[in-house]
Protein chains: 2
Amino acid sequence: MATVNKAFRALASGYLFPEINRRVRFWQTNNPGKDVLRLGIGNTTEALPLALREAMIEKINELGDRETYTGYGDEQGDTYLREGLVEYYKKFGVELESSEVFVSDGAKSDAANIQAIFATDSIIAVTDPAYPVYVDSNVASGRSRGWDESRGMYHDLVYLSCTEENSFIPPLPSERVDLIYLCNPNNPTGAVMNHAQLKEFVEYARFHKSVIIYDSAYSEYITEEGYPHSIYEIEGAKECAIELSSFSKFSGFTGVRLGWTIVPNTLMCADSTKGELNRLWNRRQTTFFNGASNIAQRGGFAALSGEGHKQSRALVAYYLENARLIREGLEAKGLTVYGGVNSPYIWAKTPNGLDSWRFFDQLLDQCNVVVTPGGGFGPAGKNFIRVSAYNHRENVVIAMRMIQEHLTI
Amino acid sequence: MATVNKAFRALASGYLFPEINRRVRFWQTNNPGKDVLRLGIGNTTEALPLALREAMIEKINELGDRETYTGYGDEQGDTYLREGLVEYYKKFGVELESSEVFVSDGAKSDAANIQAIFATDSIIAVTDPAYPVYVDSNVASGRSRGWDESRGMYHDLVYLSCTEENSFIPPLPSERVDLIYLCNPNNPTGAVMNHAQLKEFVEYARFHKSVIIYDSAYSEYITEEGYPHSIYEIEGAKECAIELSSFSKFSGFTGVRLGWTIVPNTLMCADSTKGELNRLWNRRQTTFFNGASNIAQRGGFAALSGEGHKQSRALVAYYLENARLIREGLEAKGLTVYGGVNSPYIWAKTPNGLDSWRFFDQLLDQCNVVVTPGGGFGPAGKNFIRVSAYNHRENVVIAMRMIQEHLTI
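Note that this is a predicted model, so its numbers are computed, not measured.

1. Brief notes about the overall build of chain A
Item 1. Check the secondary structure of chain A and you find 13 helices and 15 strands.
Item 2. The C-alpha radius of gyration of chain A comes to 21 Å, within 12% of the 22 Å expected for a compact globule of 409 residues.
Item 3. Sorting the 409 residues of chain A into buried and exposed places 58% on the buried side.
Item 4. Considering only contacts within chain A whose residues lie at least 6 apart along the sequence, 73% involve residues at least 24 apart.

This is the structure:
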């Protein structure tokens, strides 16, 4: 007599992006022939760098020869890639051991699964707004009694409100929390915490024996000095933080799928023994996962240095130039905008206090532009939209022109 | 004050294959220069079929052109592949809808994660022996109080004992169970349930509102008539069974990573509404997963028909010929063997009632051959070893000669 996991029923309506897709499809049905300008989902659009493609094709050719064929690799990732990532971190002054590096099929999976090694009654802090996966994975894992319609938040989660007043830098929790999710540079606001701000969180976590889940998927978009590329640049972070990251936005690997997670051997929580959290994640990965695609791993390795790194950096620069055009375009229209300097995301205030889904519909109707409603990232986003720099330059230019010419504010 | 998930601590010693690797590495250190003949892990060894490689290279080239580049696809898999799998199932007389097909990064992940949509207090039935992932994923998810040393089993799980007496066909549960894991053809025994035997399980599940998790990862190895390739060949199975499968053993995709799971829209459990289990798995996948690699998906599609299918079938035939050589080789040495006809696995009885880890060590020491100790799959395997047909032909031949010449029974 099987029964369903009630925690899944506690999840509110669908995941944000499928909901956007649904609205866009509906709009397209009613507007046949019109092109949609997609600045919504952070989905890369430009050609995969040549050096990465060459590396992957080389791997495929090796798979075509029984002498060089490889089947299952280690669940934690191929040694050369784990060591390549150790080298990569040295650029930020961070020393890791390869046993602390776990290669995965992308940061989303890890962001969703990392909570599994912690107690079910853990109290979760998320920023508001936040990437929905942090929230939904915890709700589906039984850490909330469900959606609180009156507050527009889930019961039992602690929301760290990021607003114009605090420049979208999350405040420290004012109550007990066990896990703290931070994304830096932030998705969706594009804000970046500096060393001093991040240090406060590290000190908080060490004092309270909390664990920080730090998502650095956008760290390659940092253009200004003074911002950490890795949380391990902060002293003491290896005792209290797990870092997730990805090749998706750095190398155009959104569809190829490759990411990684760092679980330091020295990471501790209130009741863990030395090295236990690293071993638990290792056990989780060896049991629930079978390694990232060996083809993707070869491509990811090529992105870490030499020509492949240079080409990946050029890709990042392209999207950052889009971000600049969007920022300036929206500003020229009189909108108040944030982010987009060390981030591919622009966080724009809706005009006249409009609800973000209303403004989403308006932009779609008047300008054929798809953005992401800020409300989908949490209640603090309800008067913001996230505009993504991931599109062809010419589409960004057209979108800005459409907004300039057709948006009524 | 973060604390660890105690359910993970309930897991007994490491996952089977890492433990084997540890022993082999130790042996190699003590036997420098000696070659190990690996017939342990079911890890493919032969060249990836040309048609699949060509398809993947074509996809990589498309990724190199911004006009044909694709980023994130649907978490459930690309439409063309989901539809290709619907076509594939028609060969077995099974009609599916593409909304019932979920493409994944391999059957192991799905086998481990599928339990998440069911209640935490579900009672789990596994065959004994069983693929360890079914067991470990449920223990780690809180469905056992831990390891029972005296019985060599986990508390609270129900073991369906597969022995020589029942020809390794699992008996129906004699007590209430909620989820039943079946692997057919079976890993590790190589036994295959026929339609009538499987029908009993389907009827049991429908009567008790249990759900069958059916792993058909080895269905392409069925060579004899009268065995189901899919559980949906059995009437009523769409109301009570989820099917997992994989390109790993069919097309040499162990390292490339690609699999799929079928959750019928008509699947029900005791408290589900119509279509809810399909929607819950959809929600699980859209939240915790971001789709299989788009490169792998293109390769998998090529394996489903035409030249790619023919080449994949040739690969299966190669491993099955290895299986025949192993079966006959072990029989010639006087061992009692099972499986290896509709399966790449031979389930061989240890001589003189030897413990399977002892026989594992003996085969490694005397013959340089690595097998998998049956005890790693459950207590009913403690006097068996699993011999895998996944190696080059010449190594299989040498392994059989080594066993013939050096094994003392």
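2. Here we look at the sheet that holds strand β12 (residues 345-349) of chain B
All names here are of chain B.
Item 1. The antiparallel open sheet is built from 4 strands, whose spatial order is β11-β12-β15-β14. A strand with exactly one partner marks an edge of an open sheet, and here the two such strands are β11 (337-339) and β14 (372-373).
Item 2. Where β11 meets β12, 3 bridges bridge the pair, whose relative direction is antiparallel. When the sheet's bridge partners are listed, Val337 is paired in β12 with Ala348.
Item 3. Packed onto the sheet, helix α12 (residues 356-367) meets β14 and β15 (384-388) and runs at close to 45° relative to β15.

3. Let's talk about the sheet that holds strand β8 (residues 211-215) of chain A
Paired through backbone hydrogen bonds, the strands of a sheet run either parallel or antiparallel to each other.
All names here are of chain A.
Item 1. In spatial order, the strands read β2-β10-β9-β8-β7-β3-β6; together these 7 strands make up an open sheet with mixed pairing. Single-partner strands in this sheet number two, and they are β2 (101-104) and β6 (158-161). Along the sheet, successive strands turn relative to each other by an average axial angle of 20°, direction set aside.
Item 2. Looking at chain direction, strand β3 (residues 124-128) and strand β7 (residues 179-183) are connected through 3 bridges and run parallel. Counterpart to Ile124 in the pairing with β7 is Leu179.
Item 3. Against the sheet, helix α4 (residues 79-90) contacts β2 and β10 (259-262), and its axis sits at roughly 120° relative to β2.

4. Brief notes about helix α9 (residues 276-288) of chain A
Item 1. With 13 residues, α9(A) extends 18 Å between its outermost C-alpha atoms, agreeing within 8% with the 18 Å of an ideal straight helix rising 1.5 Å per residue.
Item 2. Here α9(A) lies mainly inside the structure; 11 of its 13 residues are buried.
Item 3. Along α9(A), the positions that sit buried rather than exposed are A:Leu277, A:Asn278, A:Leu280, A:Trp281, A:Asn282, A:Arg283, A:Arg284, A:Gln285, A:Thr286, A:Thr287 and A:Phe288.
Item 4. On its buried side, α9(A) packs onto β2 and α5 (107-113) of chain A together with α1 (6-9), α2 (16-30), α5 (107-113) and α6 (132-140) of chain B.

5. A closer look at the domain arrangement of chain A
All names here are of chain A.
Item 1. Each domain of chain A was delimited in the assignment, giving domain 1 (6-47 + 308-406) and domain 2 (52-306).
Item 2. Summarising the inter-unit geometry, the C-alpha centres of domain 1 and domain 2 are found 24 Å apart.
Item 3. Listing elements by their share of the side of domain 1 that touches domain 2, those giving two or more residues are α1 (6-9), α11 (306-332), β11 (337-339) and β12 (345-349).
Item 4. Within the side of domain 1 that touches domain 2, the residues separate by chemical class into 19 nonpolar, 15 polar and 2 charged.

6. Brief notes about unusual backbone geometry
Residue and element names in this part refer to chain B.
Item 1. Across the junction of Asp128 and Pro129, the peptide omega takes the value 5°, indicating a cis bond.
Item 2. Mapping Pro129 onto the fold places it in the loop between β3 (124-128) and α6.
Item 3. Looking along the chain, the bond that leaves Asn184 and enters Pro185 is cis, with omega of -5°.
Item 4. With respect to the element layout, Pro185 can be found in the loop between β7 (179-183) and α7 (195-208).

7. Concerning the relation of the copies chain B and chain A
Item 1. Rotating chain B by 180° about the axis while translating it 0.0 Å along that axis superimposes it on chain A, leaving an RMSD of 0.0 Å. What the rotation and shift describe, once combined, is the action of a two-fold rotation axis. Of every C-alpha in chain B, the one belonging to B:Ile57 sits nearest the axis of rotation, 3.1 Å from it.

8. Remarks on the interface of chain B and chain A
The figure often quoted for interface size is the accessible area lost as the parts come together.
Item 1. Taken residue by residue, the interface counts 76 residues in chain B and 77 residues in chain A.
Item 2. Where the side of chain B that touches chain A is concerned, the elements lending two or more residues are α1, α3 (50-63), α5, α6, α9 (276-288) and α10 (294-303) of chain B.
Item 3. Residues of the side of chain B that touches chain A, tallied by class, amount to 34 nonpolar, 27 polar and 15 charged.

Rules used in this analysis
- Throughout this description, residue numbers start from 1 for each chain and increase along the sequence as written.
- Whichever chain is written first is A, and whichever ligand is written first is 1; the rest continue in order.
- It should be noted that, the model being predicted, local features are given only for residues of pLDDT at least 70 and side-chain atom pairs only at 80 or more, the latter also being counted only at that level, while totals for whole chains, interfaces and linings use all residues.
- Each helix is a run of DSSP H or I of at least 4 residues and each strand a run of E of at least 2, with the numbering of both proceeding from the N terminus.
- For the radius of gyration, the atoms used are the C-alpha atoms, and the globule rule reads 2.2 Å times the number of residues raised to 0.38.
- With C-beta atoms placed from the backbone, a residue is labelled by how many other C-beta atoms lie within 10 Å of its own: buried for 20 or more, exposed for 12 or fewer, partly exposed between the two.
- Here, residue contact means that the backbone-derived C-beta atoms of the two residues sit within 7 Å.
- Here a strand pair is declared whenever DSSP counts at least two bridges between the two strands.
- Under this scheme, a helix contributes an axis fitted over its contacting stretch, all axes are lines through C-alpha atoms, and angles between N-to-C directions fall in the 0 to 180 degree range.
- Given a helix with a known number of residues, its expected span is that number minus one, times 1.5 Å.
- Domain start and end points were adopted from an automatic or database domain assignment.
- Charged means Asp, Glu, Lys or Arg here, nonpolar means Ala, Val, Leu, Ile, Met, Phe, Trp, Tyr, Cys or Pro, and polar covers whatever is left, Gly included.
- In this comparison the copies share one frame, found by least squares on the C-alpha atoms of residues holding pLDDT of at least 70 in both.

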